[in-house]
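Spelled out from the first residue to the last, the chains are:
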There are 2 protein chains.
Amino acid sequence: MTQTGQASAPERVEIVEVGPRDGLQNDPTLIDTGVKLEFIHRLIEAGVKRMEAASFVNPKLVPAMADGDAVMAGVPRDRGVTYIGLALNERGLRRAIDAGCDEINFVMVASEGFGRANQNATPEDTADLLDRVAILAHDARVPLSATISVAFGDPFDGEVDVNRVAELARRAAAAGVSEIALGDTIGAASPWDVRRAVEAVRAAAPDPRLRLHFHNTRNTALANIYAALEAGVTIIDASAGGIGGCPFAPRATGNVATEDVVYMLSRGGVETGIDLDRMIETARWLETVALRHPVASMLSKAGGFPPRAS
Amino acid sequence: MTQTGQASAPERVEIVEVGPRDGLQNDPTLIDTGVKLEFIHRLIEAGVKRMEAASFVNPKLVPAMADGDAVMAGVPRDRGVTYIGLALNERGLRRAIDAGCDEINFVMVASEGFGRANQNATPEDTADLLDRVAILAHDARVPLSATISVAFGDPFDGEVDVNRVAELARRAAAAGVSEIALGDTIGAASPWDVRRAVEAVRAAAPDPRLRLHFHNTRNTALANIYAALEAGVTIIDASAGGIGGCPFAPRATGNVATEDVVYMLSRGGVETGIDLDRMIETARWLETVALRHPVASMLSKAGGFPPRAS
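- As named in an unreviewed UniProt entry, chain A is Hydroxymethylglutaryl-CoA lyase, taken from Alkalicaulis satelles.
- Word for word, the UniProt comment on chain A under Sequence similarities (unreviewed entry) is "Belongs to the HMG-CoA lyase family."

1. As for the overall build of chain A
Then, in step 1: When its secondary structure is counted, chain A shows 12 helices and eight strands.
Then, in step 2: On the principal axes, the C-alpha backbone points of chain A span a range of 55 × 55 × 35 Å.
Then, in step 3: Looking at chain A as a whole, 62% of its 310 residues are labelled buried.
Then, in step 4: Considering only residue pairs separated by 6 or more positions, chain A has 73% of its internal contacts joining residues 24 or more positions apart.

2. Some points on the pattern of salt bridges
One side chain can pair with another of opposite charge once the charged atoms of both are near each other.
Then, in step 1: Evaluated as defined, the whole model comprises 46 salt bridges over all chains.
Then, in step 2: Two residues, E38 of chain B and R42 of chain B, come together in a salt bridge whose shortest N-O distance is 3.1 Å. Pair noted here: E38 of chain B and R42 of chain B are both in helix 2 (residues 33-45), with a separation of four residues, about one helical turn.
Then, in step 3: In this structure E38 of chain B comes out as partly exposed when scored by relative accessible area, which is 34%.
Then, in step 4: With a shortest N-O distance of 3.5 Å, E90 of chain B and R132 of chain B are connected by a salt bridge. In this pair, E90 of chain B is assigned in helix 4 (residues 90-98) and R132 of chain B in helix 6 (residues 123-139), connecting sequence segments 42 residues apart.
Then, in step 5: On the accessibility criterion, E90 of chain B (25% relative accessible area) is partly exposed.
Then, in step 6: What you see here is one network of salt bridges that share partners, running through E14, R50, E103, E179, R209, R211 and D237 of chain A.

3. Focus: the nonpolar core
Then, in step 1: Ranked by internal contacts, the top residues of the largest apolar core, which has 202 residues, are L182 of chain A together with L182 of chain B.
Then, in step 2: Setting aside residues no more than four positions away along its own chain, L182 of chain B makes contact with I148, A151, F152, V165, A197, V201, L210, R211, L212 and H213 of chain B.

4. Topic: the UniProt feature "domain: Pyruvate carboxyltransferase" (unreviewed entry) in chain A
Then, in step 1: Within this structure's numbering, the places UniProt gives as "domain: Pyruvate carboxyltransferase" (unreviewed entry) are residues 13-280 of chain A.
Then, in step 2: Within residues 13-280 of chain A, the helical portion is 43% and the strand portion 17%, while the C-alpha atoms at the span's ends are 19 Å from each other.

5. Brief notes about the environment of V295 of chain B
Then, in step 1: Relative to the assigned elements, V295 of chain B resides in the loop between helix 11 (276-290) and helix 12 (299-302).
Then, in step 2: In this structure, V295 of chain B is in contact with G241, I243, A283, L286, E287, S300 and K301 of chain B, ignoring residues within four places of it in sequence.

6. Overview of the packing of aromatic side chains
Then, in step 1: Throughout the structure, instances matching the rule amount to seven aromatic pairs over all chains.
Then, in step 2: Measuring from ring centre to ring centre gives 5.2 Å for W192 of chain A and Y226 of chain B, while their planes differ by 75 degrees; the resulting arrangement is edge-to-face. With W192 of chain A in helix 8 (residues 191-204) and Y226 of chain B in helix 9 (residues 221-230), this residue pair bridges two chains. Across the pair, exposure class does not vary: W192 of chain A and Y226 of chain B are buried alike.
Then, in step 3: An aromatic cluster is defined as three or more aromatic residues linked by ring pairs; in this entry it consists of W192 and Y226 of chain A together with W192 and Y226 of chain B.
Then, in step 4: Between R218 of chain B and the ring centre of Y263 of chain A, over which it is positioned, the NZ or CZ distance is 5.9 Å.

7. Points about the interface of chain B and chain A
Then, in step 1: In this complex, chain B contributes 59 residues to the contact, which on the side of chain A involves 59 residues.
Then, in step 2: Both sides of the chain B and chain A interface together cover about 5,200 Å² of buried area, and 60% of this is carbon and sulfur.
Then, in step 3: Applying the counting criterion to the chain B and chain A interface returns four salt bridges.
Then, in step 4: Of the charged contacts, one joins R195 of chain B and E230 of chain A as a salt bridge, the two residues approaching to 3.2 Å between their closest N and O atoms.
Then, in step 5: Our count for the chain B to chain A interface comes out at 16 residue pairs in polar contact (both at pLDDT 80 or more).

8. Quick look at the side chain of T282 of chain A
Then, in step 1: Looking at the secondary structure, you find T282 of chain A in helix 11 (residues 276-290).
Then, in step 2: Within the structure, T282 of chain A has its side chain in polar contact with the backbone oxygen of R278 of chain A (distance 2.9 Å).

9. A few points about helix 8 of chain A
Then, in step 1: The end-to-end C-alpha distance of helix 8 of chain A, which contains 14 residues, comes to 20 Å, matching closely the 20 Å that a straight helix rising 1.5 Å per residue would cover.
Then, in step 2: Burial in helix 8 of chain A covers these residues: P191, W192, D193, V194, R195, A197, V198, A200 and V201 of chain A.
Then, in step 3: Turning to helix 8 of chain A, the residues buried within the fold contact helix 7 (162-175), strand 6 (179-184), strand 7 (209-214) and helix 9 (221-230) of chain A together with helix 9 and helix 10 (258-267) of chain B.

10. Things to note about the pairing of strand 2 (residues 50-55) of chain B
Here is the key point about a regular strand: its side chains alternate between the two faces of the sheet.
Residue and element names in this part refer to chain B.
Then, in step 1: Most of strand 2 sits out of view: six of its six residues are buried.
Then, in step 2: Alignment of strand 2 against strand 3 (residues 82-87), held across five bridges, turns out to be parallel. Its bridge partner being in strand 3, R50 is matched across the sheet by T82.
Then, in step 3: Following the backbone out of strand 2, through helix 3 (residues 68-74) and into the adjacent parallel strand 3, one traces a crossover that is right-handed.

11. Looking at the environment of G303 of chain B
Then, in step 1: Along the chain, G303 of chain B falls in the segment after helix 12.
Then, in step 2: Along the sequence, G303 of chain B and V194 of chain B sit 109 residues apart, while their C-alpha atoms lie 28 Å from each other.
Then, in step 3: Sequence-distant contacts of G303 of chain B, that is, excluding residues within four places in its chain, are made with R218 of chain A together with I280 of chain B.

12. A word on the packing of helix 2 (residues 33-45) of chain A against helix 11 of chain A
Residue and element names in this part refer to chain A.
Then, in step 1: Look at helix 2 against helix 11: their axes get within 9 Å of each other, and the N-to-C directions meet at 165 degrees. In this view, helix 2 runs roughly antiparallel relative to helix 11, as classed from their interaxial angle. Judged by the sense of rotation from one axis to the other, the crossing of helix 2 with helix 11 is right-handed. Across the interface between the two elements, V35, E38, F39, R42, L43 and E45 from helix 2 touch R278, M279, T282, W285, L286 and A290 from helix 11.

13. Remarks on the relation of the copies chain B and chain A
Then, in step 1: Take chain B, turn it by 180 degrees, move it 0.0 Å along the axis, and it overlays chain A with an RMSD of 0.0 Å. The transformation just described matches what one would write down for a two-fold rotation axis.
Then, in step 2: When the interface residues of chain B are mapped onto chain A, 100% of them again fall at the interface, so both copies present the same face.

14. A closer look at the environment of I280 of chain B
All names here are of chain B.
Then, in step 1: Checked against the element boundaries, I280 lands in helix 11.
Then, in step 2: C-alpha of I280 to C-alpha of A257: the two residues are 23 residues apart in sequence and 9.8 Å apart in space.
Then, in step 3: Look past the residues within four positions of I280 in its chain and what remains in contact with it is E259, L299, S300, G303 and G304.

15. Some remarks on unusual backbone geometry
Residues and elements named next belong to chain A.
Then, in step 1: Residues F305 and P306 are joined by a peptide bond in cis, for which omega reads -10 degrees.
Then, in step 2: The residue P306 is located in the segment after helix 12 (299-302) in this model.
Then, in step 3: At R141, a residue that is not glycine, the phi angle is positive and equals roughly 55 degrees.
Then, in step 4: Positive phi, normally seen in glycine, also occurs at N219, with a value near 75 degrees.

16. Quick notes on helix 11 of chain B
All names here are of chain B.
Then, in step 1: The end-to-end C-alpha separation of helix 11 is 20 Å, in line with the 21 Å expected for 15 residues at 1.5 Å each.
Then, in step 2: Of the residues making up helix 11, those classed as buried are L276, M279, I280, T282, A283, W285, L286, E287 and A290.
Then, in step 3: The inward-facing, buried residues of helix 11 abut strand 1 (14-17), helix 2, helix 10 and helix 12.
Then, in step 4: Count one or two residues on from helix 11 and you reach R292, which has phi positive near 55 degrees.

Calculation notes
Residues numbered from 1 in each chain as written. Chains lettered and ligands numbered in written order. Predicted model: local features only at pLDDT ≥ 70, side-chain atom pairs only at ≥ 80, totals over all residues. Heavy atoms only, no water. UniProt positions renumbered as here; feature names shortened; annotations may be inferred. Helix = DSSP H or I, 4+ residues; strand = E, 2+ residues; numbered from the N terminus. Buried < 20%, exposed > 50% of the residue type's maximum accessible area, 1.4 Å probe, protein only. Contact = heavy atoms within 4.5 Å. Salt bridge = Lys/Arg side-chain N within 4 Å of Asp/Glu carboxyl O. Core = buried A, V, L, I, M, F, W, Y, C linked by side-chain atoms within 4.5 Å. Phe/Tyr/Trp six-rings, centres within 6.5 Å; stacked < 30°, edge-to-face > 60°. Lys NZ or Arg CZ within 6 Å of the ring centre and 35° of its normal. Buried area = accessible area lost by both parts, 1.4 Å probe. Polar contact = N/O pair within 3.5 Å; in protein donor to acceptor, adjacent residues only side chain to side chain. Expected span 1.5 Å × (residues − 1). Pairing = 2+ DSSP bridges. Right-handed = clockwise from strand over helix to strand, strands pointing away. Axes fitted to C-alpha atoms, helices over the stretch in contact; angles between N-to-C directions. Parallel < 35°, antiparallel > 145°, perpendicular 65-115°, else oblique. Left-handed = near helix turned anticlockwise from the far one by under 90°. Least-squares fit on C-alpha atoms with pLDDT ≥ 70 in both.

Quick look at the structure:
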């Protein structure tokens, strides 16, 4: 029989909303800049304080994100919200900074197969590139985070060694990033994997903050978040409505839904600053107005508990 | 920051397959006895050793379960499988024993609202009834378990006090049940709730084995199972395909899917005796042949990881 850990929850968890970037990037529905800005506005009304708002990658490869400059020109600046822009190289970083992003997120890959398919780079390449990108970010005084993608499994290569993830985290810390995110890009992780990875990355890179990014493709995302919290992590990515899908399994779901995360955390007494009802409303707006297709979140179907007196 | 618990998983977890009873009972598709028996056969081929096979309640109220006798007459007896029959009173218990059930499961309710709607009984009524049912089961030398339903929240009354659940568990233990199941009938629990409830029930009823029954209505089922395992629980209910729905939220999902549970556990190195691929195949058979509607499980859409060489 296993021993019990500490049953108490952390007081507060920071949710990084990734819907406007990671969520919309893979969605079959292309939406225009005005609808993206309405989405961002609704997220802010629901209490989001930090979000991935745009990416600055090749617009020919990711047409859904071609309007990153226009999105950043239109986001509200008086709401105390931090906007993260995604960049994969020095050119992207410069564009993101010029567009007014408050933070830059860079993506490393933990294995060859996904690296080749996603950004035509090996894990080593991405670590070397991060060194150069980090110098520019430092000179511009813009905080930089690094996501280690496919950290829990690669759709092409299969298993990913946790020591390799830890080594990339060491490289990221050496480059001076303020935060490292571990990405379960294909939703393969179990909560035991999460505990192991968090411990290995903490040992290899004790200084940067640690953020976890889960997909619910195999239904394990909330279990993984719970395990991450137990391991001391307090920063979690999530996507309103669970939008984003999984390019490697067309019928499957991708990003864990923000409202599902908020429900679990609020039932555990964990403060997120996010209003569950407003987030559910945003998911339903995505489903019926903005994207016009069902979204993956469960709270938008089941509603919260206990039921509100209306 | 919370402290880490033990990261290691239990060696083995017993999965009680509830699809043939709890799954089919609420399904909009009525299937005949032959198809039920094929379902049971497929479950056994996938490795299931213990299942809820039928219920012996008023057939006018639950027409989908009216053929409990015929189902039990047709199940294979040479495969080392234990068949559980559900009963809500002495008459049901006698019918279940006569039909050849190896074990009986009785249902207590943890709050008034659900008790009234589900079986027209208060929590006290169900505890008193269990006393009488337990005498019959004891005389017949048939093992008896008690499920405490709505243990984590009631769709009518809202919050359910964990002390009330513990008191019902004490009553069940005093009646001599060999196993107590805590049912999250509406999928409201968080993993922190699970830890608290398991600890409270253990303290009140140390002798019976403890089984946990989760619905994934609010996406928390696998997190709750993980928390239950951490608290030392090693018996978990699940339903092939996640069939069963949620009568209180028509668009929402009900029972956690067996294949989703098996995936998480097998990634954590926990043995269940169940073959993931065969269980996924069974879920797809339910979806395309037996029930002819989509099922809630995620593994049947995403497939396992790492991908099998074919």
